[in-house]
Amino acid sequence: MTVRFGAVTIDWLGYATVRLEGETGAVIYMDPGRYGVLDGYDARDGDLVLVTHAHHYDPDGIRRVAHEDAIVVVHESIDASEIDRVDEQPEDLPYEVERVRADESFVLGPLDLFTTPAYNDPAGPHVDEHGDPYHPEGEGCGFAVTVDGVSAFWPGDTDVLPLHDELGIDLFLPPIGGAFTMDRHEAAALAERIRPELVLPIHYDTFEALETDADAFVVDVANRAVPVVLDEQ
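Scoring rules and cut-offs
- Residues numbered from 1 in each chain as written.
- Predicted model: local features only at pLDDT ≥ 70, side-chain atom pairs only at ≥ 80, totals over all residues.
- Heavy atoms only, no water.
- Helix = DSSP H or I, 4+ residues; strand = E, 2+ residues; numbered from the N terminus.
- Buried < 20%, exposed > 50% of the residue type's maximum accessible area, 1.4 Å probe, protein only.
- Salt bridge = Lys/Arg side-chain N within 4 Å of Asp/Glu carboxyl O.
- 1 Å grid on protein atoms, 1.4 Å probe; cavity = no way out; pocket = protein on both sides within 12 Å on 5 of 7 lines; lining within 4 Å.
- Points joined across faces, edges and corners; volume = space filled by probe spheres on them.
- Nonpolar A, V, L, I, M, F, W, Y, C, P; charged D, E, K, R; others polar.
- Arc of directions from axis to C-beta.
- Contact = heavy atoms within 4.5 Å.
- Polar contact = N/O pair within 3.5 Å; in protein donor to acceptor, adjacent residues only side chain to side chain.
- Pairing = 2+ DSSP bridges.
- Axes fitted to C-alpha atoms, helices over the stretch in contact; angles between N-to-C directions.
- Core = buried A, V, L, I, M, F, W, Y, C linked by side-chain atoms within 4.5 Å.

**Notes on unusual backbone geometry**
Backbone geometry places Asp 205, a non-glycine residue, at a positive phi of 65°. Topologically, Asp 205 is positioned in the loop between β13 (198-199) and α3 (214-223). Overall, Asp 205 belongs to the partly exposed group, its relative accessible area being 38%. Although it is not a glycine, Ala 225 sits at a positive phi angle of roughly 65°.

**A short note on the pattern of salt bridges**
Any two side chains of opposite charge can pair, so long as their charged atoms come close to each other. For the structure on display, the rule yields 11 salt bridges. The residue Glu 21 makes a salt bridge to Arg 19 at a minimum N-O spacing of 2.9 Å. Judged by relative accessible area, Arg 19 falls into the buried class, the value being 11%. The partner of Asp 42 in a salt bridge is Arg 44, with the nearest N and O atoms 2.8 Å apart. On the accessibility criterion, Asp 42 (46% relative accessible area) is partly exposed. Look at Arg 44 and you get partly exposed, because its relative accessible area is 43%.

**A short note on the layout of surface pockets**
Space inside the largest pocket adds up to approximately 310 Å³. Lining the largest pocket are 14 residues, and of these Ala 54, His 55, Glu 82, Ile 83 and Glu 139 lie nearest its centre. Around the second largest pocket sit Tyr 15, Arg 34, Tyr 35, His 55, Tyr 134, His 135, Asp 157, Phe 180, His 203, Phe 207 and Leu 210, which together line it. Of the residues belonging to the lining of the second largest pocket, the class tally is 6 nonpolar, 3 polar and 2 charged.

**Description of helix α2 (residues 184-194)**
Within the sequence span of α2, burial applies to Arg 184, Ala 187, Ala 188, Leu 190, Ala 191 and Ile 194. Buried residues of α2 fall within an arc of 165° about the axis and therefore sit on the same side. On its buried face, α2 is in contact with β12 (171-172), β13 and α3. The N-cap of α2, judged by a side-chain oxygen 3.1 Å from the amide nitrogen of His 185 a few residues on, is Asp 183. Residue Arg 195 follows α2 closely and has a positive phi angle near 50°.

**Quick notes on the sheet that holds strand β6 (residues 66-75)**
Taken together, the 7 strands give an open sheet; going across it, the order is β1-β2-β3-β4-β5-β6-β7, and neighbouring strands pair in mixed fashion. At either margin of the open sheet sits one strand with a lone partner, and together these are β1 (3-5) and β7 (96-100). Strand after strand, the sheet turns through a mean of 20° between neighbouring axes, direction not considered. Note that strand β4 (residues 27-30) and strand β5 (residues 46-51) share 3 bridges and pair parallel. The residue of β5 that forms the bridge with Tyr 29 is Val 49.

**Comments concerning the side chain of Thr 116**
Examined against the element boundaries, Thr 116 turns out to sit in strand β9 (residues 111-117). In contact with Thr 116, other than residues within four places in its own chain, are Ala 102, Asp 103, Gly 140, Cys 141, Gly 142, Phe 153, Leu 163 and Leu 167.

**Comments concerning the nonpolar core**
Among the nonpolar cores identified, the biggest contains 51 residues, and Ile 10, Leu 20 and Leu 171 are the most heavily contacted of them. If you look at the next biggest cluster of nonpolar residues, it comprises 20 residues, including Leu 38, Ala 70, Val 86 and Tyr 95.

**A look at empty space enclosed by the protein**
Tallied over the entire structure, the rule returns 1 cavity of 30 Å³ or more. Approximately 40 Å³ is the volume attributed to the largest cavity. As for the largest cavity, its lining consists of Thr 52, His 53, Ala 118, His 135, Pro 136, Glu 139, Gly 140, Cys 141 and Asp 157. Here the lining of the largest cavity is built from residues that sort into 3 nonpolar, 4 polar and 2 charged.

**With respect to the sheet that holds β12**
Strands sit in the order β8-β9-β10-β11-β12-β13 across an open sheet of 6 strands; the sheet is mixed. The open sheet is flanked by β8 (105-108) and β13, the only strands paired with a single partner. In this sheet, β13 lies alongside β12 in parallel orientation, the contact comprising 2 bridges. Paired with Leu 171 across the bridge in β13 is Leu 198.

And the structure:
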C-alpha cells in the first residue's frame, strides 16, 4: 500500500526499507534490502540512497533501488571487512558514495538532509548477553530528509534519545519492533512529544524478535491525538 502525505508518497517495503517520492520526481530510499524484502524488486529509480549502519548495508539491495547516477550516503563507520555477509565496500559500488557522521546537515540538489546519533544506551534494555549494546554509540545514524516541503525522519536502529525530543519533523518513521531498538510503547510516547503531522511505523515483524502488535501501536498513537497510519504488505 502506498501512503500519500502532502507532496510525498511513501512505501514501506519491509524491514527498514522505505521509498519516498516527491511530486517533483526525486526518489529516496532508506536502508534498502536484507532478509529478502527486495526479492523480485528491481526498480533502479532511486536518486538518493541512505544507509544508517552496518546491519542495514546491503550492496545487492542498493543495486536494486539505485539508478546509475544515484548518490549513496552511508554512515562513516560502515566497513565491509567487518560484515561477514558482504565483501564489497561502499566505495566499490558503481555510484557516487558519500560518508557522513551523525549530527551533520547538508544539501544534495533540491534535498535538505541531516543526520542524528543512533545507538543503544549501555545501561538500557537493548544489550546482548554480555551487556554490550547491540548498536554502540558512534556506529550508526538516523536520517532526516526534506523533499518537496515534507521532512521525513527515520531514526535508525536506536533507543529513544533526549535529542529526539527537540526535532521538528513532519513524517516520523519509528522502529517499533523492540528487541534491538525502541519498542512500540517508547515510539508512541516519543511521537506524542514531538507531534509530527504523520507517524508511519517500520522495522517490525521481519523476523520473530521484531514481532509486535502494530494495531495496538496505532491505537496508542491515535489516542495521543497524533495522526498515524500503517503501510503493511
